[in-house]
Amino acid sequence: MKQALRKSFFASTVLWLMLGFLLALFSAQIAHAQGFDSSSPPDLMKDFEVLRQRIRKNPRDIAALNSLGIIYAQAGKLDDATRLWRYALNIDPNYVHLYNNLGSALKQLGRKDEARLIFRTGLTRSSSYWIHYNLGLLEKEDRNLPAAAICFKNCLQQQPGFEPALRQLADLGYNVQLPATTAARPLSLGSYKPPVETGNIDFYPMYPENPEKQQNGRTFSSGSYAAKPSKSTMSATFTAMSLADCDKIIKEFKAESKDRFIALTFDDGPHHANTREVLDILRRENAKATFFVLGSRAQTYPDIVARMAAEGHDVGNHTWEHRGLGKSSRTEALQSLQRTNELISGITGKPCLIVRPPFGQTSQRVKELIHSQGWHEIMWDSDSRDWENKNPDRILYRVMRSVSPGSIVLFHDIHPGAAQMLPTLIKAFKNNGYRFITISELIAITNAS
Ligand SMILES: [Zn+2]
């Protein structure tokens, strides 16, 4: 009897799995056949194709299924997204992102009872503070205020001091202590990992029309790092550099051993392939780095962001979709930064305190905005200009012409060139006793000295 039951359970599971996969494939076909709106950014389409290929190779690739669902949702195809996430949950009911995404999408579709059920099911798997928070928002929207308050309290139990939950409780009339630095923050940022952005997805402008402006100095919160003159990176006579050439340049620095460190930074990712390659190289060369990610991309690739943190790298905030902070109103800029910050800390489980403004565009107003949140503004002093010419030899040359002990070097992990020259760069510095450190470590060193 028991065996028969198990058998029929197994058979029905298999049936559902097959059905789910067919549905997913079917919806993928439809989306592909219809194409996205002509306004869909090419990058989204590229990601879509890459993810579809990954799933074709391994239909049980949970991270890819989750990401593909987010792309559907971003393109306004919430029904396809929810079908895909349901299918993915059948494969791995412990992948917590799925509950959050599926619940948020169902809520957005007005299917609140289903959303509630999904959030609650998720909570039986993992007491994720995201899910408590999102369930709280749902209850609040339905005017179940005592239930909402319980959710926000549960959220705070998992993540003490989680400010959005504190604000929600305050909004419900609870007497809670709000952090003083953020009093100016707009109240509602909506649901946390909402797979939305339907239409009008303003991805970063395409290079090179809007190259990151070259900066001459680096700044931390108080500008405690003095600006230093940057050497010309655009020498007319370019020659490919070997490991020995790099070694010779580094030897001329004659830095004390305590000053022998470099901070590598990578902006604009995560990118499905290039970022993974950079991470592989950093792991192989045993070097740490900092990634300033876009919230819109981190949302699509939470697994890559989680890997960055797990492997000891820093994850910084590069805004939600790479809009210049100087061009946005204070409220818009703050929301873009805040939303990205909360997404990053939700994935990494650590507070995110560093911001790099897109294009390096900053001003007194932008600095004040960043500092008002207790964050550090991080620039660079050595620019690889890897968006300009993607030839790895040229990128290495530019870095070696502008780098010096203690430099913050700027790369973009959405371009493939940097990954190819990284091993030479890292080896050359390591041969000379240099360490590759994260921005957090750099700030700690700066504050200590
Ligand atoms: Zn950027």
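Residues numbered from 1 in each chain as written. Predicted model: local features only at pLDDT ≥ 70, side-chain atom pairs only at ≥ 80, totals over all residues.

Q: Where do I start with the overall build of the chain in this structure?
A: Across its full length, the chain holds 18 helices and eight strands. Burial status across the chain gives 43% buried among its 449 residues. For the chain, the share of sequence-separated contacts (at least 6 apart) that also reach a separation of at least 24 residues comes to 72%. (Helix = DSSP H or I, 4+ residues; strand = E, 2+ residues; numbered from the N terminus. Buried ≥ 20, exposed ≤ 12 C-beta atoms within 10 Å, placed from the backbone. Contact = placed C-beta atoms within 7 Å.)

Q: In this structure, what is going on with the pairing of strand 3 (residues 314-317)? I would like to understand it.
A: On a regular strand, one side chain projects to one face of the sheet and the next to the other, so that they alternate. Burial of strand 3 is two-sided: the residues Asp-314 and Gly-316 facing one way and the residues Val-315 and Asn-317 facing the other way are all buried. Relative to strand 3, strand 2 (residues 289-293) runs parallel, the two sharing four bridges. Note on strand 3: the bridge partner recorded for Phe-292 is Gly-316. (Pairing = 2+ DSSP bridges.)

Q: In this structure, what is going on with the nonpolar core? I would like to understand it.
A: Nonpolar side chains in soluble globular proteins generally cluster together in the buried interior. Core analysis: the largest hydrophobic core is formed by 63 residues, its most contacted members being Val-305, Val-409 and Leu-425. Per-element tally for this core: the top contributor is helix 17 (residues 417-431), with eight residues. One finds Tyr-99, Ile-118, Ala-148 and Leu-166 within the second-largest nonpolar core, a separate group that totals 43 residues. (Core = buried A, V, L, I, M, F, W, Y, C linked by C-beta atoms within 7 Å.)

Q: What should I look at first to understand helix 14 (residues 330-348) in this one?
A: Helical geometry: 3.6 residues make up each α-helical turn, so side chains three or four residues apart lie on a common side. Between its terminal C-alpha atoms helix 14 stretches 27 Å, which fits the 27 Å expected from 19 residues at 1.5 Å a residue. Phi turns positive, to about 75°, at Gly-349, one or two residues after helix 14. (Expected span 1.5 Å × (residues − 1).)

Q: Looking at this model, I keep getting lost on the packing of helix 5 (residues 96-108) against helix 7 (residues 129-141). Mind explaining?
A: Angle between the axes and distance between the axes are the two parameters that describe a pair of packed helices. Where helix 5 meets helix 7, the axes come as close as 10 Å, and the angle between the chain directions of the two elements is 10°. When the interaxial angle is binned, helix 5 and helix 7 end up roughly parallel. Of the residues in helix 7, those in contact with Tyr-99, Asn-100, Gly-103, Ser-104 and Lys-107 of helix 5 are Trp-130, Ile-131, Asn-134 and Leu-138. A per-class count over the contact of helix 5 with helix 7 returns four nonpolar, four polar and one charged. (Axes fitted to C-alpha atoms, helices over the stretch in contact; angles between N-to-C directions. Parallel < 35°, antiparallel > 145°, perpendicular 65-115°, else oblique. Nonpolar A, V, L, I, M, F, W, Y, C, P; charged D, E, K, R; others polar.)

Q: Please explain the confidence of the model for the chain as it appears in this structure.
A: As a note on interpretation, predicted positions should not be read in detail where pLDDT is low. Considering every residue of the chain, the mean pLDDT works out to 79; 78% of them sit at 70 or more. Within the model, pLDDT remains below 50 along residues 26-35, and this stretch shows seven contacts once partners closer than five positions in the same chain are excluded. A low-confidence stretch, residues 182-236 stays under pLDDT 50, and its non-local contacts, those more than four residues away or across chains, total 111 contacts. (pLDDT = per-residue confidence, 0-100.)

Q: Teacher, can you tell me more about the environment of Gln-158 here?
A: Inspection of the secondary structure assignment puts Gln-158 in helix 8 (residues 145-158). As a C-alpha pair, Gln-158 and Tyr-129 span 29 residues in sequence and 5.7 Å in three-dimensional space. The contacts of Gln-158, once residues within four sequence positions are left out, are Ser-127, Tyr-129 and His-132.

Q: Looking at this structure, I do not really get unusual backbone geometry. What am I missing?
A: Trans peptide bonds make up most of the peptide bonds, and negative phi angles are found at most residues other than glycine. In this structure, the amide linkage connecting Gly-269 to the following residue, Pro-270, adopts the cis form with an omega of 0°. Note that Pro-270 resides in the loop between strand 1 (261-267) and helix 11 (274-285). Not every positive phi belongs to a glycine, and Arg-143 is a case in point at roughly 60°. Relative to the elements of secondary structure, Arg-143 occurs in the loop between helix 7 and helix 8. The exposure class of Arg-143 is exposed, given the 8 C-beta atoms found within 10 Å. Here the phi dihedral of Asn-286 falls at roughly 55°; this positive angle occurs in a residue that is not glycine. For Asn-286, the location among the structural elements is in the loop between helix 11 and strand 2.

Q: Which parts of the structure should I look at to understand the environment of Phe-429?
A: Here Phe-429 shows up in helix 17. In this structure the C-alpha to C-alpha distance between Phe-429 and Pro-405, which are 24 residues apart in sequence, comes to 9.7 Å. Setting aside residues no more than four positions away along its own chain, Phe-429 makes contact with Ile-250, Ile-262 and Tyr-434.

Q: Whenever I open this one, the packing of helix 13 (residues 302-310) against helix 14 confuses me. Can you help?
A: It is the contact of helix 13 with helix 14, at a shortest axis distance of 9 Å, that shows an interaxial angle of 65°. Relative to helix 14, helix 13 is oriented roughly perpendicular. Between helix 13 and helix 14 lies a crossing of right-handed hand. In this structure, helix 13 contributes Pro-302, Val-305, Ala-306 and Ala-309 to the contact, and helix 14 contributes Ile-344, Ile-347 and Thr-348. Residue classes in the contact of helix 13 with helix 14 are distributed as six nonpolar, one polar and no charged. (Left-handed = near helix turned anticlockwise from the far one by under 90°.)

Q: When you look at the pairing of strand 1 in this model, what are you seeing that I'm missing?
A: For strand 1, the tally of buried residues reaches six of seven residues, placing the bulk of the element in the interior. Inspection of the sheet shows strand 1 paired to strand 8 (residues 435-436) by two bridges, in the parallel sense. Pairing of Phe-261 across the sheet is with Arg-435, part of strand 8. In this sheet, strand 7 (residues 408-412) lies alongside strand 1 in parallel orientation, the contact comprising five bridges. Its bridge partner being in strand 7, Phe-266 is matched across the sheet by Phe-411. Relative to strand 2, strand 1 runs parallel, the two sharing four bridges. Residue pairing for strand 2: Phe-266 is matched across the bridge by Phe-291. Between the parallel pair strand 1 and strand 2, the chain is carried across by helix 11, and the sense of this crossover is right-handed. (Right-handed = clockwise from strand over helix to strand, strands pointing away.)

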